[in-house]
Amino acid sequence: MYIDSHSHPQFPQYDQDREEMITRTLQRGVKMICVGTDLEMSKKAVELAEGQEGIWASVGLHPNDNLDEVLDIEEYRKLLVHPKVVAVGEVGLDYFRTTGEENIFKQKDRFIKFLELSRESGKPLILHCREAYQDMLEMISSAGTLFGGSAVRGVLHSFTSTWEVAQKFIDLGFYIGLNGIITFPPSRKATEGQAPSSLDEVIKNIPLDKLLLETDAPYLSPIPHRGKRNESSYIEFVAQKIAQMKGESVEKVAEETTKNTKKLFGI
Ligand SMILES: [Zn+2]
């Protein structure tokens with residue numbers, strides 16, 4: 001059994017066959033966290049989770065998916081009260097796709113509001129981060145001081161950086177989320193802004209109790225489905241790759257990572 005800790009079944013890519021895709025996925029023993037990327041997609045995530053066992057929702061505004069949305073944190077606060085909403089995300093910083101000082105300021109301003117919301121609600125963060133690891137580490141490590149109480153917790157999703165960076169997040173109590181990118185050949189991984197071998201090093205070194213599996217569907221289909229629309233049921237290919245590289249059984253990887261996902265999101 002798996003829980004896909006990061007997918008977007010509410011996205012328009014599934015408008016033609018959403019029901020079928022979800023039924024097929026659940027029948028294969030794969031449950032999912034349906035992650036919001038802006039207010040509209042967060043509302044849709046809640047709707048989907050509300051009517052379906054085996055799906056939970058997360059609400060948040062992605063750092064650069066919808067730059068036009070004027071953040072109304074009250075709207076997200078209202079959604080967070082729903083019992084099927086288990087996390088704040090995906091939120092974070094992305095300096096790869098959006099550059100320029102004004103945008104970076106805007107991203108930080110959005111992010112800090114969601115950090116506060118996570119602290120206040122006690123619901124963990126699903127973080128998106130690209131080429132902004134230093135700023136993100138500083139912001140999450142100071143969140144406890146800023147908003148009181150203990151530090152924030154959560155998962156750094158779609159991780160593509162080095163083991164050194166991963167360790168810093170783990171030290172702050174965060175999990176690392178890996179997806180189909182790990183099945184891609186080294187040249188593709190290198191274009192994600194890192195040395196080809198560094199993700200392999202992350203997989204080899206990371207303890208299983210710090211790892212979450214995800215698909216980021218409809219994006220990032222793992223080999224052998226690369227280039228086509230992704231879905232949560234393909235999570236097994238991510239697990240297989242990790243098992244193979246760590247010299248563990250797939251069952252063990254599935255069991256341990258599912259346990260982590262349940263623990264983090266309280267499900
Ligand atoms: Zn995503």
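As the structure is a computational prediction, the values presented were derived from the model and not from experiment.

Criteria and thresholds
Residues numbered from 1 in each chain as written. Predicted model: local features only at pLDDT ≥ 70, side-chain atom pairs only at ≥ 80, totals over all residues. Heavy atoms only, no water. Helix = DSSP H or I, 4+ residues; strand = E, 2+ residues; numbered from the N terminus. Rg over C-alpha atoms; globule rule 2.2 N^0.38 Å. Buried < 20%, exposed > 50% of the residue type's maximum accessible area, 1.4 Å probe, protein only. Arc of directions from axis to C-beta. Contact = heavy atoms within 4.5 Å. Donors = N, O, S within 2.8 Å, 3.2 Å for Na, K, Ca; no water. Tetrahedral: all angles 85-135°; square planar, octahedral: opposite > 155°, others 65-115°. Core = buried A, V, L, I, M, F, W, Y, C linked by side-chain atoms within 4.5 Å. 1 Å grid on protein atoms, 1.4 Å probe; cavity = no way out; pocket = protein on both sides within 12 Å on 5 of 7 lines; lining within 4 Å. Points joined across faces, edges and corners; volume = space filled by probe spheres on them. Nonpolar A, V, L, I, M, F, W, Y, C, P; charged D, E, K, R; others polar. Salt bridge = Lys/Arg side-chain N within 4 Å of Asp/Glu carboxyl O. Pairing = 2+ DSSP bridges. Right-handed = clockwise from strand over helix to strand, strands pointing away.

Attention now moves to the overall build of the protein. What the protein contains, in helices and strands, is 10 helices and eight strands. In terms of C-alpha radius of gyration, the protein reaches 17 Å, essentially the compact-globule figure of 18 Å for 267 residues. For the protein, the C-alpha atoms occupy an extent of roughly 40 × 40 × 35 Å along the three principal directions. The buried share of the protein, taken over its 267 residues, is 57%.

A separate point is helix α1 (residues 18-27). Each α-helix turn comprises 3.6 residues. Residues three or four places apart therefore point the same way. Three or more residues of α1 are buried, namely Arg18, Met21, Ile22 and Thr25. What you see down the axis of α1 is that its buried residues fit within an arc of 95°, all on one side. Exposed and facing more than 90 degrees away from the buried side of α1 are Glu19, Glu20 and Gln27. Elements that come into contact with the buried residues of α1 comprise β2 (30-35), α2 (39-50) and β3 (55-59). Among the residues trailing α1, Gly29 stands out with phi positive, at a value near 80°.

The next thing to look at is the coordination of the zinc ion. Ligation of the zinc ion by protein atoms is provided by His6 (NE2), His8 (NE2), Glu90 (OE) and Asp216 (OD), these donors lying 2.2 to 2.3 Å from the ion. Taken together, the four donor atoms coordinating the zinc ion and their angles of 83 to 179° define a geometry best described as irregular. Going along the chain, you hit the donors of the zinc ion in the pattern H-x1-H-x81-E-x125-D. Taken as a pair, His6 in strand β1 (residues 2-7) and Asp216 in the loop between β8 (211-213) and α9 (235-246) lie far apart in primary sequence, 210 residues in all. Of the two residues, His6 and Asp216, neither departs from the other in class, the shared state being buried.

Another aspect to go through is the nonpolar core. If you look at the biggest cluster of nonpolar residues, it comprises 71 residues, and the most contacted ones within it are Phe159 and Phe169. Apart from residues lying up to four places away in sequence, Phe159 is in contact with Tyr133, Val165, Ala166, Ile176, Gly177, Leu178, Leu199 and Val202. Grouped together as the second largest cluster of nonpolar side chains are 12 residues, Val86, Ile126, Leu212 and Leu264 included.

Attention now goes to the layout of surface pockets. There is about 330 Å³ of room inside the largest pocket. If you trace the largest pocket, you find 20 residues lining it, with Arg97, His128, Arg130, Asp216 and Leu220 closest to the centre. Per-element accounting of the lining of the largest pocket gives the leading share, three residues, to strand β5 (residues 125-130). Split into classes, the residues belonging to the lining of the largest pocket amount to five nonpolar, eight polar and seven charged.

What follows concerns the pattern of salt bridges. Counted by the stated rule, this structure contains 14 salt bridges. Salt-bridge contacts for Glu256 lead to Lys259; the nearest nitrogen and oxygen are separated by 3.6 Å. Of the two residues, Glu256 and Lys259 are both situated in helix α10 (residues 250-265); the distance of three residues between them amounts to about one turn of the helix. You can call Glu256 buried: its relative accessible area is 16%.

Moving on, we come to the pairing of β2. Summarising burial for β2: five of the six residues are buried, a large majority. Inspection of the sheet shows β1 paired to β2 by four bridges, in the parallel sense. Considered in β2, the bridge of Ile3 is made with Lys31. Handedness of the crossover is the feature at issue here: the chain leaves β1, passes through α1, returns alongside β2, and the resulting connection is right-handed. Pairing between β2 and β3: four bridges, direction parallel. Bridging from a neighbouring strand, Cys34 pairs with Ala57 of β3. Crossover connection from β2 via α2 to parallel β3: handedness right-handed.

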